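Letter by letter, the chains look like this.
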Amino acid sequence: MVWAWARVVGGVGLLAVLLWQVGGSAFLVGVRLIDAPALAAALLIGALTTVCAAWRWSLVAGGLGVRLPLATAVAHCYRAVFLNATLPGGMLGDVHRAVRHGRDAGDVSRGIRAVVWERTAGQVVLVGVALVVLAAFPSPVRPYLPVAAALLVAVGLAAVLLARLSPGTGRSRWARGVRTAVADVRAGLLGRRTWLGVLVASAVMVAGHLATFLVAARTAGSDAPLTRLLPLTLLALLAMGLPLNVAGFGPREGVAAWVFGAAGLSASEGVATATVYGALVLVASLPGAAVLLARRAREPTTDREAASVGGC
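Residues numbered from 1 in each chain as written. Predicted model: local features only at pLDDT ≥ 70, side-chain atom pairs only at ≥ 80, totals over all residues. Heavy atoms only, no water.

A.B. asks: I'd like a description of the overall build of the protein, backed by residues and values.
C.D. replies: From N to C terminus, the protein includes 13 helices and 0 strands. In the protein, the succession of helices and strands from N to C terminus is α-α-α-α-α-α-α-α-α-α-α-α-α. Buried positions account for 39% of the 312 residues belonging to the protein. Looking at the protein alone, contacts between residues at least 24 apart form 69% of all its contacts between residues at least 6 apart. (Helix = DSSP H or I, 4+ residues; strand = E, 2+ residues; numbered from the N terminus. Buried < 20%, exposed > 50% of the residue type's maximum accessible area, 1.4 Å probe, protein only. Contact = heavy atoms within 4.5 Å.)

In structure tokens:
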């Protein structure tokens, strides 16, 4: 509970600082420029990325031994994206779909682990793409890339070494946890039937998020070349992984303000772009609201039928 409140307070505090630094107009000017083509692009790209997310989740869940049909995964992912975009923390939708799928499958632990691992795979691919793009194009963080890459390699090697040195047997919670994690990665992420699909789905999702961010930049009025915008938008996407936001807003706008300003553009342009991106993502997630409403509409009928059967 304390950590949940800390995340909300942190997100609100960051937004307050941004409002003080760049003013409220930076948040509104871009949103006023959103037009029908931008909304249509957001909906189409959102459909593609949601289907890819569902495919990745279905593959990982199947690898872990919990069946998840693609159509069901798409509905759950749309609902999760909508909840992530409207509730504090930016991850409550993923928590909901993990627990819901685990209960439906009769194994909550595996359901939760499937979501954790498929989201982890997405972040790993995002970081990999970011390192390549940030190394290829100029950005404010380019001088620090060698250190960042070395740290990531060290963390990866440490994880592999820990997995190899962990005892093959043992009853401690730590030993069981390491064995479970290693088995999950082998079956859910690196399995013969899963690894390529997970990689392709994650790569398409990164490309889709970048495309939406570039649409947001153009909608907000930025005329910077794509080679200049691409690394900046990637840094803003990386910031979205920080669980310090309010309905998706917070770190994304803060990092966008910093990198756009440091790249010779303007902090206001960065905030406007990130705000438009948030609005486009919210629009693209609206089918998730329909999924929520449809489920609520079915629940009373189901309850009445159950009561009727019980009465007979």
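A.B. asks: Give a detailed account of the packing of helix H3 (residues 36-63) against helix H8 (residues 173-189), specifying residues and quantitative values.
C.D. replies: One way to put it is that H3 packs onto H8 with a least axis distance of 7 Å and a crossing angle of 125 degrees. Our classification of the angle between H3 and H8 gives oblique. Read as a crossing pair, H3 and H8 show a hand that is right-handed. On H8, the residues touching Leu59, Val60 and Gly63 of H3 are Ala187, Gly188 and Leu189. (Axes fitted to C-alpha atoms, helices over the stretch in contact; angles between N-to-C directions. Parallel < 35°, antiparallel > 145°, perpendicular 65-115°, else oblique. Left-handed = near helix turned anticlockwise from the far one by under 90°.)

A.B. asks: Tell me about the nonpolar core, and please be specific about residues and values.
C.D. replies: Ranked by size, the top nonpolar core spans 32 residues in total, and within it Leu134, Leu210, Phe213, Leu229, Leu234, Phe260 and Leu280 carry the most contacts. At the level of secondary structure, the elements contributing two or more residues to this core comprise H3, helix H6 (108-136), helix H9 (195-219), helix H10 (226-239), helix H11 (251-262) and helix H12 (267-284). Sorting elements by how many residues they give to this core places H10 first, with 7 residues. Ignoring anything within four residues of it in the chain, the contact list for Leu229 reads Leu214, Ala217, Arg218, Ser222, Ala224 and Phe260. Residues Ala54, Leu64, Ala98 and Trp117 belong to the second largest nonpolar core, which totals 23 residues. (Core = buried A, V, L, I, M, F, W, Y, C linked by side-chain atoms within 4.5 Å.)

A.B. asks: Provide a residue-level description of the packing of aromatic side chains, including the pertinent values.
C.D. replies: The geometry of an aromatic ring pair comes down to the distance between the two centres and the angle between the two planes. Counted according to the given criterion, the structure contains 1 aromatic pair. Cation over ring: Arg97 sits above Trp57, and NZ or CZ is 4.6 Å from the ring centre. (Phe/Tyr/Trp six-rings, centres within 6.5 Å; stacked < 30°, edge-to-face > 60°. Lys NZ or Arg CZ within 6 Å of the ring centre and 35° of its normal.)

A.B. asks: Tell me what's going on with H8, and back it up with residues and numbers.
C.D. replies: For H8, with 17 residues, the first-to-last C-alpha span of 23 Å sits near the 24 Å given by 1.5 Å per residue. What H8 keeps buried is the set Ala175, Val178, Asp184, Gly188 and Leu189. (Expected span 1.5 Å × (residues − 1).)

A.B. asks: Could you give an account of the pattern of salt bridges, naming the residues involved and the relevant values?
C.D. replies: Enumeration according to the criterion identifies 8 salt bridges in this entry. One salt bridge in this structure joins Arg119 and Asp94, with 2.1 Å as the shortest N-O distance. In this pair, Arg119 sits in helix H6 while Asp94 sits in helix H5 (residues 92-105), placing the two residues 25 residues apart along the sequence. Given the relative accessible area of 9%, Asp94 is considered buried. The closest approach of N and O atoms between Arg252 and Glu253, which form a salt bridge, is 2.9 Å. Arg252 gets classed as buried once you look at its relative accessible area, which sits at 4%. Salt bridges sharing common partners tie together Arg56, Asp94, Arg97, Glu118 and Arg119. (Salt bridge = Lys/Arg side-chain N within 4 Å of Asp/Glu carboxyl O.)

A.B. asks: Describe in detail the packing of H6 against H10, supporting the description with residues and values.
C.D. replies: Between two packed helices, the angle of one axis relative to the other and the distance separating the axes together describe the packing. Closest axis-to-axis distance for the H6/H10 pair is 10 Å, and the angle between their directions is 150 degrees. With respect to H10, the element H6 is oriented roughly antiparallel. Between H6 and H10 lies a crossing of left-handed hand. Of the residues in H10, those in contact with Leu126, Val127, Val129, Ala130, Val133 and Leu134 of H6 are Leu230, Pro231, Leu234, Leu235, Leu237 and Leu238. Residue composition of the contact of H6 with H10, by class: 12 nonpolar, no polar and no charged. (Nonpolar A, V, L, I, M, F, W, Y, C, P; charged D, E, K, R; others polar.)

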